[in-house]
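Here is what each chain is made of, one letter per residue.
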Amino acid sequence: MNILVINCGSSSLKYQLLDMKKEQVLAKGLVERIGIEGSRIKHTTTGKDQVTIEEPMKDHKKALEMVLNALVNLEYGAIKSMDEIEAVGHRVVHGGEKFANSVIIDDEVMKAIRECIELAPLHNPPNIMGIEACKELMPNTPMVAVFDTAFHQTIPKANYMYPLPYELYEKYGIRKYGFHGTSHKYVSQRAAELLGRPIEELNIVTCHLGNGASVCAVQGGKSVETSMGFTPLEGLAMGTRSGDVDPAVILFIMEKEGLSFDEVNELLNKKSGVLGLSGISSDFRDLEEEAAKGNERALLALQLFCNRVKKYIGAYVALMCRIDALVFTAGIGENSPAVREHICNGLECINIKLDNELNQVRGKEARLNSDLTSTAIFVIPTNEELMIARETKELVEK
């Protein structure tokens, strides 16, 4: 089965075409600047050179038309006709409490995704545009929605509720939802494979560390706690997001600085995190470079980030009583030996010890723990597209 995986942003579209018989990527690409001057596709078919196609794209439908044309192009395409695409898997950020699993898309599913727009106003609308464009262009091809939030629907109520008046949950659905679920699910399953043990008997802590970052406690293959909350703002300090902050600090700043709702939202989501603390960059490569030169604020930002991750790991070890594996993934988790070292330093007390020589790895799967500890430490590059394709294949075959 060939499956096309679609991930739509407001002005971008990422895609992969996978042959699920061998779980191999046939082609992949990125559409940029949809609806903006200078729109283009960067398309790569496996075994062929990358091509850049520049052409105006007024909307997601036009972008998907060009993606499909690229996939069947005689010179740089991957398939002979669209009939070879047997299903489409769509990444959808928010499914609220409605979806604990991936689902075949029908009218009822579309209605439910629209009802979740107020929970993810920046993400669900472009996800919907991508689905609608695909349905129009490929009306007879089955389509599946895979939700970022679905994996976390197994979190117990005592862990996902906030200590606010209960009627706010009943009226508005205010609770922890969690994000990066597809990534946490993929790397936890892969860790179980690497250990050669059933995931049902394992406790795993997964650290998805990128510009957006979250930690997840996975017990028996199910999410039981995660650091992101009602929105992706809660939890770790991130590239530009503040993460956990005393709520009274926000009220204090609003009063002292005379900030509007929109301005404080911008402050917390776009101007905080390691960018705000360092005053330099949200890119951890820049921070590591500046810290090595003696920049104290760059070093402070890195230390704070690592300490926050460490605190969540410790909390999740306590929650599950023990862990069998600690997993690092995403841009920073996969590519920064220094960050991994800082996070693991001092965790020997909970049976986590890094081998510094094994830790000198970037962007590839590896086991990093010292022989002196029984807790496995892994770097596992995330593969959300493959996870989406697997879930799509499973549903369509059923």
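Everything discussed here concerns the structure shown above.
An account of the accompanying structure is given in this report. (Residues numbered from 1 in each chain as written. Predicted model: local features only at pLDDT ≥ 70, side-chain atom pairs only at ≥ 80, totals over all residues. Heavy atoms only, no water.)

**A short note on the overall build of the protein chain**
Scanning the protein chain from N- to C-terminus turns up 14 helices and 14 strands. Over its C-alpha trace the protein chain gives a radius of gyration of 22 Å, about what one expects of a compact globule, namely 21 Å for 398 residues. Seen through its C-alpha atoms, the protein chain measures out along the principal axes to roughly 55 × 55 × 45 Å. Expressed as a percentage of its 398 residues, the buried residues of the protein chain come to 48%. Taking as baseline every contact in the protein chain between residues at least 6 positions apart, the subset at least 24 positions apart corresponds to 60%. Accessible surface, the protein chain as shown: approximately 18800 Å² in total, 49% of it carbon and sulfur. In the protein chain, 44 side chains carry a positive charge and 55 a negative one; their mean positions are 2 Å apart. (Helix = DSSP H or I, 4+ residues; strand = E, 2+ residues; numbered from the N terminus. Rg over C-alpha atoms; globule rule 2.2 N^0.38 Å. Buried < 20%, exposed > 50% of the residue type's maximum accessible area, 1.4 Å probe, protein only. Contact = heavy atoms within 4.5 Å. Areas by Shrake-Rupley, 256 points an atom, 1.4 Å probe, with all protein chains shown as cover. Lys, Arg positive; Asp, Glu negative; His and termini not counted. Charge placed at Lys NZ, Arg CZ, Asp CG, Glu CD.)

**Details of the pairing of strand E10 (residues 213-219)**
Judged by how many residues are buried, E10 sits mostly within the fold: six of seven residues are covered. Relative to E10, strand E9 (residues 203-209) runs antiparallel, the two sharing seven bridges. Across the sheet, residue Ile204 finds its bridge partner in E10, namely Val218. In sequence, E9 turns back onto E10 through a hairpin of three residues. Direction of pairing for E10 relative to strand E11 (residues 222-226): antiparallel, over a ladder of four bridges. (Pairing = 2+ DSSP bridges.)

**So, helix H13 (residues 337-344)**
All buried positions along H13 are accounted for by Pro337, Val339, Arg340, Ile343 and Cys344. One side of H13 carries all its buried residues, which in axial view fall inside an arc of 165°. Looking at the buried positions of H13, the neighbouring elements they touch are E9, helix H10 (284-292), helix H11 (296-320), strand E12 (325-329), helix H12 (330-335) and strand E14 (376-379). A positive backbone phi angle near 95° is found at Gly346, which sits one or two residues after H13. (Arc of directions from axis to C-beta.)

**Brief notes about unusual backbone geometry**
Positive phi, close to 50°, is recorded for Glu23, a residue that is not glycine. Structurally, the position occupied by Glu23 is in the loop between strand E2 (13-19) and strand E3 (24-32). Overall, the relative accessible area of 36% leaves Glu23 in the partly exposed class. Positive phi, close to 75°, is recorded for Cys321, a residue that is not glycine. As for its placement among the helices and strands, Cys321 is situated in the loop between H11 and E12.

**Side note on the side chain of Ser281**
Relative to the helices and strands, Ser281 resides in the loop between helix H9 (273-278) and H10. Reaching out from Ser281, the side chain makes a polar contact with the backbone nitrogen of Asp283 at a distance of 2.9 Å. Excluding anything up to four places from it in sequence, Ser281 contacts Val274, Leu275, Asp286 and Leu287. (Polar contact = N/O pair within 3.5 Å; in protein donor to acceptor, adjacent residues only side chain to side chain.)

**Section: the sheet that holds strand E6 (residues 87-92)**
Ordered by their spatial adjacency, eight strands build an open sheet running E5-E4-E3-E2-E1-E6-E8-E7, and the pairing between neighbours is mixed. Of all the strands in the sheet, just strand E5 (51-54) and strand E7 (103-104) have a single pairing partner and so form its edges. Alignment of E2 against E3, held across seven bridges, turns out to be antiparallel. Residue pairing across strands places Tyr15 opposite Gly29, the latter belonging to E3.

**Structural notes on the environment of Glu55**
Position of Glu55 relative to the elements: it lies in the loop between E5 and helix H1 (60-72). Leave out the neighbours within four places in its chain, and Glu55 touches Ser39, Lys62 and Met66.

**Some thoughts on the packing of helix H2 (residues 107-115) against helix H3 (residues 124-137)**
Interhelical geometry of H2 versus H3 gives an angle of 160° and a closest axis separation of 10 Å. As the angle between them shows, H2 and H3 are arranged roughly antiparallel. In this structure, the crossing between H2 and H3 has a hand that is left-handed. Across from Asp107, Met110, Ile113 and Arg114 in H2, the residues of H3 making contact are Asn124, Ile128, Ile131, Glu132 and Lys135. Partitioning the contact of H2 with H3 into residue classes produces four nonpolar, one polar and four charged. (Axes fitted to C-alpha atoms, helices over the stretch in contact; angles between N-to-C directions. Parallel < 35°, antiparallel > 145°, perpendicular 65-115°, else oblique. Left-handed = near helix turned anticlockwise from the far one by under 90°. Nonpolar A, V, L, I, M, F, W, Y, C, P; charged D, E, K, R; others polar.)

**A look at H10**
All of the buried residues in H10 are Phe284, Leu287 and Ala291. Down the axis of H10, the smallest arc covering the buried residues is 55°, so these residues share one side. Structural note: H10 exposes Arg285 and Ala292 on the side pointing more than 90 degrees away from its buried face. Backbone geometry just after H10 places Gly294 at a positive phi near 100°.

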